[in-house]
Amino acid sequence: GENVGLHLPTLSVQEGDNSIINCAYSNSASDYFIWYKQESGKGPQFIIDIRSNMDKRQGQRVTVLLNKTVKHLSLQIAATQPGDSAVYFCADLFSGGYNKLIFGAGTRLAVHP
Amino acid sequence: DAGVTQSPTHLIKTRGQQVTLRCSPKSGHDTVSWYQQALGQGPQFIFQYYEEEERQRGNFPDRFSGHQFPNYSSELNVNALLLGDSALYLCASSLGGTVHEQYFGPGTRLTVT
């Protein structure tokens, strides 16, 4: 069914380390995946997206990897900073069937100095 | 360039009452989607409005209804409030009936007592 979930509810890292946040999805027909960052008291903020015909996409300090074989998505944050502390959500979209995003439960990233 | 705005910021209602939440989309956007985010969970899609019509709907009862005005702003109405309706209600705007590159507002925190 339509379900996007996350492996780890909380991730603690040291400032300067790299962070990896994982996500599993179940809809093999999904053709678009997005990572959002949500800081306390704010709405989700777009980070990076990837289409299903790609396996990697890089942004500024962030990289998203997509493995369609095992329906797995990951967000890598390089040189994690205190400002990266937030809850991260993955979401998927099947543009051919329904035009809505399905969000996972989220992973909290805590960055320690 | 104004982003997505929502009002009110916080709201406290009693069980059985009705509530109306408001959203103004980002300048230039014509599509509004509403999400419910319970504490510690990812946003859940309620419905989407485009061209003043409800285009998509998630798994929410008819107590949840909405409206889009000619200026693209939108309202979310919830009747017969239940304790379980307590959540952060997020509005997101986009262009052309799609959900690609959605911009989220800060949300309205609804507490039902």
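Further up the page is the structure itself.
Peer 1: Can you help me understand the sheet that holds strand β1 (residues 5–7) of chain B in this one?
Peer 2: Hydrogen bonds between backbone atoms are what pair the strands of a sheet, whose relative direction is either parallel or antiparallel. Residue and element names in this part refer to chain B. Ordered in space as β1-β3-β8-β7, the 4 strands form an open sheet in which the pairing is antiparallel. For this open sheet the edge positions go to β1 and β7 (64–68), each flanked by a neighbour on one side alone. Ignoring strand direction, the axes of neighbouring strands in this sheet form an average angle of 20 degrees. Two elements, β1 and strand β3 (residues 19–24), share 3 bridges in a ladder whose sense is antiparallel. Each residue of the ladder has a partner; that of Gln6, found in β3, is Cys23.

Peer 1: Looking at this structure, how should I read the state of the cysteines?
Peer 2: Should the sulfur atoms of two cysteines be covalently bonded, the bond is a disulfide. Residues and elements named next belong to chain A. Counted according to the given criterion, the structure contains 2 disulfides over all chains. Across a sulfur-sulfur distance of 1.8 Å, Cys23 and Cys90 are joined as a disulfide pair. The sign of the S-S torsion, about 55 degrees, decides the handedness of the disulfide formed by Cys23 and Cys90: right-handed. Residue Cys23 is found in strand β3 (residues 19–25), and its partner Cys90 is found in strand β9 (residues 86–93); the two are separated by 67 residues along the sequence. Across this residue pair, the class does not change: Cys23 and Cys90 are buried.

Peer 1: Can you help me understand the interface of chain B and chain A in this one?
Peer 2: Frequently, the measure chosen for interface size is the accessible area removed from exposure when the parts meet. Listed as interface residues are 23 residues of chain B and, on the opposing side, 17 residues of chain A. Interface area lost by chain B to chain A is led by B:Val99, B:His100 and B:Phe104, which between them contribute 33%. Where chain B touches chain A, the interface holds 0 salt bridges. Where chain B meets chain A, there are 1 residue pair in polar contact (both at pLDDT 80 or more). No other element matches strand β5 (residues 44–50) of chain B, which puts 3 residues into the side of chain B that touches chain A. Its residues placed into classes, the side of chain B that touches chain A shows 8 nonpolar, 13 polar and 2 charged.

What counts as what
- Note that residues are indexed from 1 along each chain, following the sequence as it is written.
- Here the convention is simple: chains get letters from A, ligands get numbers from 1, in the order in which they are written.
- It should be noted that, the model being predicted, local features are given only for residues of pLDDT at least 70 and side-chain atom pairs only at 80 or more, the latter also being counted only at that level, while totals for whole chains, interfaces and linings use all residues.
- Computation of side-chain values covers all heavy atoms of the structure but excludes hydrogens and water.
- Two strands are counted as paired when DSSP detects at least two bridges linking them.
- Counting from the N terminus, the helices are the DSSP runs of H or I reaching at least four residues and the strands are the DSSP runs of E reaching at least two.
- In this analysis an axis means a line fitted to C-alpha atoms, helices contributing only their contacting stretch, and an angle means the value between N-to-C directions, from 0 to 180 degrees.
- Here, a disulfide means two cysteine sulfur atoms that sit within 2.5 Å of each other.
- Here's how the labels work: a residue is buried when its accessible area is under 20% of the maximum for its type, exposed when over 50%, partly exposed in between, all with a 1.4 Å probe on protein chains only.
- Residue contacts are defined here by distance: any two heavy atoms, one from each residue, within 4.5 Å place the two residues in contact.
- Buried area is a sum: the accessible area each of two parts loses on coming together, probed at 1.4 Å, counted once for each and added.
- Whenever a carboxyl oxygen of Asp or Glu lies within 4 Å of a side-chain nitrogen of Lys or Arg, that contact is scored as a salt bridge.
- N or O atoms within 3.5 Å of each other form a polar contact, as long as, within protein, one can give a hydrogen and the other can take it, and as long as residues adjacent in sequence are counted only when both atoms are side-chain atoms.
- For this classification, the nonpolar set comprises Ala, Val, Leu, Ile, Met, Phe, Trp, Tyr, Cys and Pro, the charged set comprises Asp, Glu, Lys and Arg, and every other residue, Gly included, is treated as polar.

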